[in-house]
Amino acid sequence: MNELHVEKISYDMAKPFILQIHYARRMPCVQYAFGLFVQASLIGAVTYGQPASPSVCKGIAGEENRHRVLELNRLVIKEGSPKNSASFLVSHSLKMLPKDYFIVSYADTAWGHCGYVYQATNWLYTGMTNGRTDEVGVNGGHPRHGNGDKTKRTYRSPKYRYVFITGNHKKQNQKLLRWKVIDEYPKGDNTRYDTNNPVPVDSRVIVKKQEEESKYHDTDLW
């Protein structure tokens, strides 16, 4: 039987794997990268880095703790991987991050995601972000990177927001959290996309569906 294991990997090792599978088709800021292996074969990757938004960095636990904030910004698993591979990768990678850090991540309604992998690994659910519009990025870049087209706008879908606190002082650090923790996790049907031709779903339909559904699946994200 092939056993799963998680190892720290390099940016260069994670990059082609993420670009080929993740729907965003671009690399974020990466400070930590971890791979999921079956023997010597890489079947999954997760990356963490500083959030792109300064308001998120200081909003989680205040200006004095912004240096202790990371974002889980990419999570990909190959099709046909063993059941619960994503949960296994996330759970083990979190233990390999610095202690007493606030980790934030989002489940994007535009891609039919609810965040079941975060629920399965005991993250705190802190509500949903508002839908909004952004400048359209130039040449596939993100408008936050300073290359937006001011003449065009694109819709940014609402996202479910989760927080995880690393280390053994979770209760103490949770008192510093400025976002309200919601006890009930959101539910609904996760939607997978074709990795060769990723196409988002209508986020407004997905949000409505999730309000009506109450099923749990650890089918995760992709």
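Here is what the cut-offs are and how they apply
Residues numbered from 1 in each chain as written. Predicted model: local features only at pLDDT ≥ 70, side-chain atom pairs only at ≥ 80, totals over all residues. Heavy atoms only, no water. Salt bridge = Lys/Arg side-chain N within 4 Å of Asp/Glu carboxyl O. Buried < 20%, exposed > 50% of the residue type's maximum accessible area, 1.4 Å probe, protein only. Helix = DSSP H or I, 4+ residues; strand = E, 2+ residues; numbered from the N terminus. Core = buried A, V, L, I, M, F, W, Y, C linked by side-chain atoms within 4.5 Å. Contact = heavy atoms within 4.5 Å. Arc of directions from axis to C-beta. Phe/Tyr/Trp six-rings, centres within 6.5 Å; stacked < 30°, edge-to-face > 60°. Pairing = 2+ DSSP bridges. Axes fitted to C-alpha atoms, helices over the stretch in contact; angles between N-to-C directions. Polar contact = N/O pair within 3.5 Å; in protein donor to acceptor, adjacent residues only side chain to side chain.

With reference to specific residues and values, describe the pattern of salt bridges.
Per the counting criterion, the structure on display carries 2 salt bridges. Between E63 and R66 there is a salt bridge; the shortest N-O distance is 3.4 Å. Take E63: its relative accessible area is 45%, and that puts it in the partly exposed class. Assessed through its relative accessible area of 27%, R66 is described here as partly exposed. Between D108 and K159 there is a salt bridge; the shortest N-O distance is 3.9 Å. Of the two residues, D108 sits in strand β5 (residues 102–108) while K159 sits in strand β9 (residues 159–165), which places them 51 residues apart along the sequence. The two residues D108 and K159 agree in class, both being buried.

Describe in detail the environment of G188, supporting the description with residues and values.
Within the secondary structure, G188 sits in the loop between α5 (170–174) and α6 (203–212). Sequence spacing of G188 and G115 is 73 residues, and the spatial spacing of their C-alpha atoms is 9.7 Å.

With reference to specific residues and values, describe the environment of Q39.
With respect to the helices and strands, Q39 occurs in the loop between β2 (32–38) and β3 (41–49). Q39 sits in the exposed class, given a relative accessible area of 56%. Separated by 36 residues in the primary sequence, Q39 and E3 have C-alpha atoms spaced 7.0 Å apart.

How would you sum up the nonpolar core? Please name residues and give values.
Residues Y48, L72, L89, L94, I103 and W123 are the most contacted members of the largest nonpolar core, which totals 28 residues. Breaking this core down by element, the ones donating at least two residues are β2, β3, β4 (69–77), α3 (85–94), β5, α4 (116–120) and β9. Once residues within four sequence positions are removed from consideration, W123 is found in contact with L72, V90, L94, I103, V104, S105, Y118, Y162, V163, F164 and Y185.

Describe in detail helix α1 (residues 11–21), supporting the description with residues and values.
Of all the positions in α1, only A14, F17, I18 and I21 are classed as buried. The buried residues of α1 occupy an angular sector of 100 degrees when the element is viewed end-on, so they sit on one face. Of the exposed residues in α1, the ones pointing more than 90 degrees away from its buried face are D12 and Q20. The secondary structure elements touched by the buried residues of α1 are β2, β3 and β4.

So what's going on with unusual backbone geometry? Residues and values would help.
The phi torsion at N84 lies on the positive side, around 65 degrees, for a residue other than glycine. Note on placement: N84 falls in the loop between β4 and α3. A positive phi angle, near 60 degrees, is found at D100, a position not held by glycine.

Please provide a residue-by-residue account of the packing of aromatic side chains, values included.
Summed over all chains, the structure comprises 7 aromatic pairs. Between Y125 and Y160 the ring centres are 6.1 Å apart and the planes differ by 55 degrees, which places this aromatic pair in the tilted class. Of this pair, Y125 sits in strand β6 (residues 124–128) while Y160 sits in strand β9, placing them 35 residues apart in sequence. Like Y125, the residue Y160 is buried in the burial classification.

If you had to explain the sheet that holds β9 to someone new, which residues and values would you point to?
Pairing within the open sheet is mixed, and its 7 strands lie in the order β1-β2-β3-β4-β5-β9-β6. The open sheet is flanked by β1 (4–8) and β6, the only strands paired with a single partner. The average angle at which neighbouring strand axes cross in this sheet is 25 degrees, direction not considered. Packing of α1 onto the sheet brings it into contact with β2, β3 and β4, and relative to β3 it is tilted by some 95 degrees. Of the strands in this sheet, β1, β2, β3, β4, β5 and β9 are in contact with α3, which crosses β3 at around 50 degrees.

Break down the side chain of N73 for me, with residues and values.
Along the chain, N73 falls in strand β4. On the basis of relative accessibility, which here comes to 12%, the residue N73 falls in the buried class. A distance of 2.6 Å separates a polar atom in the side chain of N73 from a polar atom in the side chain of T47.

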